[in-house]
Every structure is written in structure tokens, then in C-alpha cells.
Amino acid sequence: MNIQWYPGHMTKAMRAMKADIAMVDVIIELLDARAPFASRNPDIDELGRGKSRVVLLNKADLADDRMNEAWIRYFKNRGFFVLKINAKSGTGMKQILPVVQEACREKIERNRRRGILNRPVRAMVVGIPNVGKSTFINSFVGKSKAKTGNKPGVTRANQWIRINPSLELLDTPGVLWPKFEDPGIGVSLALIGSINDEIVNKEELAFELIRHLCRYAPEGLKRRYDLETGSEEPDIPAMTQILEIIARRRGLLAKGGEPELEKAAGILLDDFRAGRLGTVTLEVPPSGDAA
């Protein structure tokens, strides 16, 4: 699959972020723990040059925890402050403020030496669509300040939010980059729901997920749909059969009793995104960084 998605409003959003970056002390970057590499916008590194960086592996409860730890090591080795969180349940949220303060410790100390005692730390919250930024902010603030939704593109404009006297957040829209050079990036982003489903062939995307699950997490398919899979990568007929079984067991049948494969593919993708297939990570850190 070769998936590309870059709506025009994202260009405007990136321009606004570049205009605001001078007011910011630290960048808080939310990633999806199931695909930490794919869910990192590479343009953020240039945007955040010279700024302190905090990486939050959100939705960590949906990812393999061994891989969570491997990715934490990966990002720490590159100079980032890193936490795994679940913004929806609140897990890990209490650790964020101390980590942000530690990331900005030198800046805070410089301000104190200059006699500036009450200036809040200003943090820009960034991330690709549907990674959970608004849910994170609402959980952090304790009440709904940012719009939330289970589809990409809910936040459309920057907004400042005061967390407490020591911290202000700048919420920004979810922004991708103009072209995915690696086709696997687009597939991973589509699987976690960061690409608009309306532009994706759901059956082909479901095949990509089935390949991964059969190889790395077959127990989820077995438990959820009561079906057996081999340890080898399945071919097209085998993956089609899996969708047919899901369709029949969910009663997704067209006239004549034919299984509706597209609807079965949608069920499979929804189950994966909701964690009903177990904890699954789609990516491992580059070779040598998982140890």
C-alpha cells in the first residue's frame, strides 16, 4: 500500500507553529506507543531545534510493554525526556509536570538569577492527528479545554491553556508531513487511525494488520475470533479466509450468504485500535536500540 494524506490546513498549521515557537521553552511531543517512529513528524526536529524536548508515549496501555521500555531507551539515548502515559485513563499523568520542570531546569534557574521568579514555563504540545493531544490536555487540566474526537483533524487552531501558575500549554493541530518516503509509515499511521479512513482501502489495510498479527501476536486473533493462524506470514487466500470467518461469526453477510469482507475489515481495524486484540506494537526501535 502507498498511502499519502496531507490536507491543506496542515500547511497553515505548521506556519502558525513556526510563528509561535519563539515564545516556547519546551516541546511536549505526543506519540502513539503502538507506532512511535511512524507517529513522529520529522519536521518537529527542525521546529524544535534548541528547545528542550519531552516525548510522551501515549496509549501505552495498547502497546506491548516490553516494546514501550525499548522505545523509552531509544528516545532517552537521543537526549529526550520520556514517559509512557495513557491520557484517557490518567496513567502516568502525575509524572509529567516534574519532568517538564526538569527539562526546563536550566531556563528556570537563569530566570531566577535574573530576578524573574513568577514566569510560567511555556510548552508547545505537538503530535500527528489522532495521537491524543486534546485528551492529554483535558486530562492534564482536569476539565475540558481542548476539543476531542476519535478521528483525525479535530483541533484546527493554536490555543494557549494555563495549567497552573508555573505552566502554560500551547495546543496545536495535528500535523503530518507532505510525503511519506517509506510506504510502511503510511500503513502504520492508517492502522492507528491517524489517516482518514475514507481514503484507505480497508481490506488491504486489514491484510497488513493480519500479516503483522499472525507473525507477532497471533493469540489476539485466536482469542477474539476463535480462529487458528499459523506462525508463517499468510498469503492472500489465507488472509481473505480470515476476513470471511470474521464476517460469518459477526453475521456480516450479504444477500445469498456472501461474507461482507469490507465490513469484516472494519471490525478487525476497530478491534485493534480499541485494544481488543491484546497489546500490540507495530514497530521496534532501529537495530541495536532495543537492547
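Located above this text is the structure these notes cover.
Quick summary incoming for the structure in this document.

Calculation criteria
Residues numbered from 1 in each chain as written. Predicted model: local features only at pLDDT ≥ 70, side-chain atom pairs only at ≥ 80, totals over all residues. Heavy atoms only, no water. Buried < 20%, exposed > 50% of the residue type's maximum accessible area, 1.4 Å probe, protein only. Helix = DSSP H or I, 4+ residues; strand = E, 2+ residues; numbered from the N terminus. Pairing = 2+ DSSP bridges. Right-handed = clockwise from strand over helix to strand, strands pointing away. Expected span 1.5 Å × (residues − 1). Contact = heavy atoms within 4.5 Å. Polar contact = N/O pair within 3.5 Å; in protein donor to acceptor, adjacent residues only side chain to side chain. Salt bridge = Lys/Arg side-chain N within 4 Å of Asp/Glu carboxyl O.

Further remarks concern the pairing of strand β2 (residues 52-58). Counting buried positions along β2 yields six of seven residues, so the element is predominantly enclosed. Direction of pairing for strand β1 (residues 26-32) relative to β2: parallel, over a ladder of seven bridges. Looking at β2, one finds that L31 is bridged to L57. Direction of pairing for β2 relative to strand β3 (residues 81-84): parallel, over a ladder of four bridges. Looking at β3, one finds that V55 is bridged to V82. Crossover β2 to β3 through helix α3 (residues 65-76) is right-handed.

A word on helix α8 (residues 202-216). Here α8 is 15 residues long and its end C-alpha atoms lie 21 Å apart, about the 21 Å a rise of 1.5 Å per residue gives. By the burial criterion, the buried members of α8 are L205, A206, F207, L209, I210, H212, L213 and C214. Lining the buried residues of α8 we find α7 (183-191), α9 (218-225), α10 (236-249) and α11 (261-273). For α8, the N-terminal cap is N201; the gap from its side-chain oxygen to the backbone nitrogen of E203 is 3.1 Å.

A few words on the pattern of salt bridges. Summed over all chains, the structure comprises 21 salt bridges. In this structure, D45 engages R40 in a salt bridge whose closest nitrogen and oxygen atoms are separated by 2.9 Å. You can call R40 buried: its relative accessible area is 14%.

Any functional reading would require information beyond the geometric quantities listed.
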